[in-house]
Amino acid sequence: MPASTPLSILQDVFGYAAFRGAQQAIIDHVVTGGDALVLMPTGGGKSLCYQVPAIQRHLNERGVAIVVSPLIALMHDQVGALEEAGVHAAFLNSSLTMEEAQRIEREMMAGRLVLLYAAPERITTPRFLAQLDSLHERGLLSLFAIDEAHCVSQWGHDFREDYLGLNVLHERFADVPRIALTATADDLTRADIIERLQLQSARIFISSFDRPNIRYAIVEKDNARTQLLRFIQDEHEGDAGIVYCQSRKKVEETAAWLEGEGIAALPYHAGLDAAVRKKHQDRFLREDSIVMVATIAFGMGIDKPDVRFVAHLDLPKNIEGYYQETGRAGRDGLPANAWMAYGLADVVNQRRMIEDSPAAEEFKRGQRGKLDALLALAEAHDCRRVRLLAYFGENTERCAAYQNACDNCQNAPATWDATEAARKALSCIYRFHQNRGQRFGAGHLIDVLRGKVTDKVTQFHHQELSTFGIGADVSEAQWRAVLRQLIALGHVQTEGEYNTLELTATARDVLRGDVQLLLRQPSEAPRRARAARGSTAAGKSSGAKDRAPPVALDADGLERFTALKAWRAEIAREHNLPAYIVFHDATLAEMARAHPQSLDELAGISGVGAKKLEAYGREILRVLSGGAQPEPTDR
Ligand code: ADP
Ligand code: ZN
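Calculation criteria
- Residues numbered from 1 in each chain as written.
- Chains lettered and ligands numbered in written order.
- Predicted model: local features only at pLDDT ≥ 70, side-chain atom pairs only at ≥ 80, totals over all residues.
- Heavy atoms only, no water.
- Donors = N, O, S within 2.8 Å, 3.2 Å for Na, K, Ca; no water.
- Tetrahedral: all angles 85-135°; square planar, octahedral: opposite > 155°, others 65-115°.
- Buried < 20%, exposed > 50% of the residue type's maximum accessible area, 1.4 Å probe, protein only.
- Near = heavy atom within 4 Å.
- Polar contact = N/O pair within 3.5 Å; in protein donor to acceptor, adjacent residues only side chain to side chain.
- Areas by Shrake-Rupley, 256 points an atom, 1.4 Å probe, with all protein chains shown as cover.
- Helix = DSSP H or I, 4+ residues; strand = E, 2+ residues; numbered from the N terminus.
- Nonpolar A, V, L, I, M, F, W, Y, C, P; charged D, E, K, R; others polar.
- Axes fitted to C-alpha atoms, helices over the stretch in contact; angles between N-to-C directions.
- Parallel < 35°, antiparallel > 145°, perpendicular 65-115°, else oblique.
- Left-handed = near helix turned anticlockwise from the far one by under 90°.
- Contact = heavy atoms within 4.5 Å.
- Phe/Tyr/Trp six-rings, centres within 6.5 Å; stacked < 30°, edge-to-face > 60°.
- 1 Å grid on protein atoms, 1.4 Å probe; cavity = no way out; pocket = protein on both sides within 12 Å on 5 of 7 lines; lining within 4 Å.
- Points joined across faces, edges and corners; volume = space filled by probe spheres on them.

Colleague: Now, about the coordination of the zinc ion (ligand 2): what can you tell me, with residues and values included?
Modeller: Only Cys383 (SG), Cys399 (SG), Cys406 (SG) and Cys409 (SG) from the protein reach the zinc ion (ligand 2) as donors, at distances of 2.3 to 2.4 Å. Taken together, the four donor atoms coordinating the zinc ion (ligand 2) and their angles of 102 to 120 degrees define a geometry best described as tetrahedral. Mapped onto the sequence, the residues coordinating the zinc ion (ligand 2) show the spacing C-x15-C-x6-C-x2-C. With a relative accessible area of 0%, Cys406 lands in the buried category. A relative accessible area of 11% places Cys409 in the buried class.

Colleague: Before we move on, can you summarise the site of ligand 1 with the specific residues and values?
Modeller: Tyr16, Gly43, Ser47, Arg331 and His584 are the nearest of the 15 residues found near ligand 1. Backbone polar atom of Gly45 to an oxygen atom of ligand 1: 3.1 Å apart, as the coordinates give it. Starting from 560 Å² of accessible surface for ligand 1 in isolation, the protein chains cover 85%. By residue number, the principal contributor to the shell around ligand 1 is helix 3 (residues 46-59), which donates three residues. Among the residues forming the shell around ligand 1, the class breakdown is five nonpolar, seven polar and three charged.

Colleague: Any details on the packing of helix 19 (residues 442-450) against helix 21 (residues 476-488)? Residues and values, ideally.
Modeller: At a minimum axis distance of 10 Å, the contact between helix 19 and helix 21 shows a crossing angle of 125 degrees. The orientation of helix 19 relative to helix 21 falls into the category oblique. Of the two elements, helix 19 crosses helix 21, and the hand of that crossing is right-handed. In this structure, helix 19 uses Ala442, Leu445, Ile446, Leu449 and Arg450 to contact helix 21, whose residues at the interface are Glu476, Trp479, Arg480 and Leu483. Considered class by class, the residues forming the contact of helix 19 with helix 21 number six nonpolar, no polar and three charged.

Colleague: Now, about the packing of aromatic side chains: what can you tell me, with residues and values included?
Modeller: Geometrically, a pair of aromatic rings is defined through the distance of the ring centres and the angle of the planes. In this structure the tally under the stated criterion is 15 aromatic pairs. Taking 4.8 Å as the distance between ring centres and 55 degrees as the angle between the ring planes, the aromatic pair formed by Tyr268 and Phe298 counts as tilted. Within this pair, whereas Tyr268 is found in strand 10 (residues 265-268), its partner Phe298 is found in the loop between strand 11 (291-294) and strand 12 (307-312), the two being separated by 30 residues in sequence. For the pair shown, Tyr268 and Phe298 are each scored as buried.

Colleague: Tell me about the environment of Gly238, residues and numbers included.
Modeller: Following the sequence through the fold, Gly238 ends up in the loop between helix 10 (224-235) and strand 9 (240-244). Taking the C-alpha atoms as reference points, Gly238 and Ile263, 25 residues apart in sequence, are found 8.1 Å from one another.

Colleague: I'd like to hear about empty space enclosed by the protein, residue by residue, with values.
Modeller: Counted under the stated rule, the structure contains three cavities of 30 Å³ or more. Put simply, the largest cavity is a space of about 120 Å³. Together, 13 residues line the largest cavity, and Ala183, Thr184, Glu320, Tyr323 and Gln324 are the ones closest to its centre. Here the residues of the lining of the largest cavity are counted per class, giving six nonpolar, four polar and three charged. Computed from the structure, the second largest cavity encloses a volume of approximately 40 Å³. In terms of lining, the second largest cavity is formed by Leu285, Arg286, Glu287, Asp288, Lys304, Asp306, Arg568, Pro578, Ala579, Tyr580 and Asp585. Mapped by element, the contributors of at least two residues to the lining of the second largest cavity are helix 12 (274-286) and helix 25 (579-582). Residues belonging to the lining of the second largest cavity are distributed by class as follows: four nonpolar, no polar and seven charged.

Okay, here's the thing in structure tokens:
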């Protein structure tokens, strides 16, 4: 047998032609015993960075790689994917019977396993450490991979106490290489990982965090639910996606509403029963076109590759959160959408949550700064991608030339000079206040500025104010944008239950004309035409079958693609695994397009490794030939 190299492993085992980005350099470093910290965006291909070294070192008689993974619920599928590719892997967790666990421990202790997945709380038990000692003494401990390494840091919302105990790995097994991986890019988290996992001498590999296949779009809230529905119907009929909401209540309401509109939607939040959560997660992973409506409790470790969109109905806390959440779209590299609807209330709520929290002033200041950066992104009229990456310290060109350019690059928004309007709004708030210290919310302010005679206007004699009707030429949507900006920039703050408006000390600068405001022109009132489709589309055949393949196919190709998907669904059911673990959509589509006639030709398709070729090759050729020929010709 010819000696294996990382490249031959990539090709034979995983069926991929070439390494991506820094993969090769990382793998070479770890194979030769070096420690590594890998910062790579979601979908960048982190798993192969430890799986290939684990296989290579196993072939060199170095035994078992230990993979630290935070979520026991997801180990099953990860191990399933490896076994499908012919790699001897297993997990140890509480879902196993005693017999199963004992069998796996025997495989591990004999050094026969290539990879073993376990949660940190198991790995740091005295019993498990003693087993590792025994492997280590016999030279059968090949490496440690610490996945989702940012869980060691208190800065993010994924902090796990048990990760802190992992420094024992370095103290006890100093000569065993360690590779820590994360998609969290900020400096604080990185410093925490290095310090707490004692990775001071590790080589750091930082990849570009650009996700070229994701299109970023942020729209102004008009009627957010309807906007969401239209977005799904227009662009993602039958696709899997995630919709993030802030509260549990909104999660449930939104899921129920989408369901009523004929979209297969499920709720997910920490308040649901563990069994319900698991059931919903399984369905999301296993079925083709579930929309998961969730709080941020959902997402970490979800490596479903064909999530086609991530939508935000509420503003995330900061850009780190936004980027991590949107990053769950399009791991397979095919076009995907990150869509967010945001409005005045989001700005107000997020500000309030910071102000009302019991945290120290210094901490609040940090949070305000982060929120401001996010608001600037939302209000931006230039390239979203440039802004996102700049936040993570990366310089890029605007993405206009990308296949999946951001909304602003695709369609440059018109801007208008709102400096004068902002001054009018502030002086109107000031007039209210002069009037016996009265305070009002945004709705009433806009009515007064636009000169609308409402009950409230009459009640408070506001037609008599000098500011009544001074902004009739500015539309309501524009006024809302002005207020969003003024609040976002901290010139106005909101108070109390009714979110009444109040000037801050810096409002004076705006009134004096020292602050220039250039705003994006609110988009046209949304078209209603497509929305009507919702009622007729509701209850029609499940979207999965109508779903467009990821490459353009002619009619025959489409038929082959559909047949392959049906075949794959059967295999997935038999093996109790999500369909994408058998083959990705992209791989099936390429089979349908290329229409290989022999096992050799089939082997050339990206995603078809040796084991899968052997296990499924003949079946696939049969399906591709319409099931007509009973026996395909041999190689
Ligand atoms: P991450 O863990 O960084 O989010 P994954 O390891 O899940 O990313 O990889 C994302 C997808 O990219 C997976 O479907 C994986 O099979 C695929 N992939 C990774 N590396 C390569 C490569 N060199 N060639 C082709 N596909 C790859
Ligand atoms: Zn752009």
